[in-house]
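Given next are the chains, with one letter for each unit.
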Amino acid sequence: YEWTTGLSGDRARTLDIAVDEAERAVELDPELPYAQATLGWALLWVGDHARALAATERSVRLAPNDADILIWRAFCLSWCGCAIEATNLLETAFRLNPHVPALYYLARGQNYFVMEAFDSAIDVLRQGTMKFPVFIPSYLYLAASLALSGQMDEAANVSASIHRLSPNYSANASGFLVAWKYPADGDRMKRGLNLAGVV
């Protein structure tokens, strides 16, 4: 949490600690699904995609009906370019959890973004920003999706909303641009954010 939100003064060290602690948790109890999911999440940020996929797959095997576990796995799949597989998990997670939090809308929007289904991404992310108006990551994908679909005025409005919510916000510092397995996916996100005026 400290790493993804930028609250840490030494982000590299914080991420190393996160991986170490998650590995220790798995060592202590390899049957704990949240330990596996957290390990996968941390490994994703350090670019160890193969181990991240393996850990999140184990977490789903241990807790196939836990909506949060499915969302973490879906995120991992999306960042690794496996959007079709992630789609099924996202649908199940939305069905299982009647009180969908902000992260779920982000996960679904990101997955549509990876598939370049920008209209669908925009629909989902708009819902997310309406229900959770201070959750900045959803605005990032919304701005990029709008820009890449040619809706520049709306993209600029979303960019302005981001800067109103957090005047010093930097997408480059947030971590949301570093986890992609395939450079083309990361480049698409950067291009969209640049067009929208976010980065």
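Every value quoted in this text rests on a predicted model; they were computed, and no experiment measured them.

Description of helix 5 (residues 67-79)
Alright, step 1. When the terminal C-alpha atoms of helix 5 are compared, their 18 Å separation across 13 residues agrees well with the 18 Å that a helix rising 1.5 Å per residue should span.
Alright, step 2. Counting buried residues along helix 5, twelve of its 13 residues qualify, which places the element largely inside the surrounding structure.
Alright, step 3. Among the residues making up helix 5, those that are buried are A67, I69, L70, I71, W72, R73, A74, F75, C76, L77, S78 and W79.
Alright, step 4. Tucked into the core, helix 5 has its buried residues touching helix 3 (33-45), helix 4 (49-62), helix 6 (83-96), helix 7 (102-114) and helix 9 (136-148).
Alright, step 5. Taking the backbone nitrogen of D68 as reference, a side-chain oxygen 3.0 Å away marks D66 as the first, capping residue of helix 5.
Alright, step 6. Positive phi shows up at G81, right after helix 5, with a value of about 80°.

Examining the packing of helix 7 against helix 9
Alright, step 1. Direction vectors running N to C along helix 7 and helix 9 enclose 25°, while the axes themselves pass 9 Å from each other. Regarding the angle of helix 7 to helix 9, the classification is roughly parallel. As helix 7 packs across helix 9, the resulting crossing turns out to be left-handed. Across the interface between the two elements, A102, L106, Q110 and F113 of helix 7 pack against P137, S138, Y141, A144, S145 and L148 of helix 9.
Alright, step 2. Looking at the contact of helix 7 with helix 9 residue by residue, the class counts come to seven nonpolar, three polar and no charged.

Some points on helix 10 (residues 152-165)
Alright, step 1. The terminal C-alpha atoms of helix 10 lie 20 Å apart, and with 14 residues this matches the ideal 20 Å at 1.5 Å per residue to within 8%.
Alright, step 2. Listed as buried for helix 10 are A155, V158, S159, S161 and I162. Along the axis of helix 10, the buried positions cluster into a sector of 155°, meaning they face one direction only. Exposed side of helix 10, more than 90 degrees from the buried face: D153, N157 and R164 are the residues found there.

Notes on the packing of aromatic side chains
Alright, step 1. Under the defined criterion, the tally for this structure stands at 13 aromatic pairs.
Alright, step 2. For the ring pair W41 and W45, a centre distance of 5.5 Å and an interplane angle of 90° mean the geometry is edge-to-face. Placement of the pair is W41 and W45 together in helix 3, with a separation of four residues, close to one helical turn.
Alright, step 3. Using a relative accessible area of 6% as the deciding quantity, one classes W45 as buried.
Alright, step 4. Through pairs of rings, three or more aromatic residues link up here, namely Y34, W41, W45, W72, F75, W79 and W180.
Alright, step 5. For R108, the ring lying beneath its charged end belongs to F94, and the centroid distance is 3.9 Å.

Calculation criteria
- Residues numbered from 1 in each chain as written.
- Predicted model: local features only at pLDDT ≥ 70, side-chain atom pairs only at ≥ 80, totals over all residues.
- Heavy atoms only, no water.
- Helix = DSSP H or I, 4+ residues; strand = E, 2+ residues; numbered from the N terminus.
- Expected span 1.5 Å × (residues − 1).
- Buried < 20%, exposed > 50% of the residue type's maximum accessible area, 1.4 Å probe, protein only.
- Contact = heavy atoms within 4.5 Å.
- Polar contact = N/O pair within 3.5 Å; in protein donor to acceptor, adjacent residues only side chain to side chain.
- Axes fitted to C-alpha atoms, helices over the stretch in contact; angles between N-to-C directions.
- Parallel < 35°, antiparallel > 145°, perpendicular 65-115°, else oblique.
- Left-handed = near helix turned anticlockwise from the far one by under 90°.
- Nonpolar A, V, L, I, M, F, W, Y, C, P; charged D, E, K, R; others polar.
- Arc of directions from axis to C-beta.
- Phe/Tyr/Trp six-rings, centres within 6.5 Å; stacked < 30°, edge-to-face > 60°.
- Lys NZ or Arg CZ within 6 Å of the ring centre and 35° of its normal.

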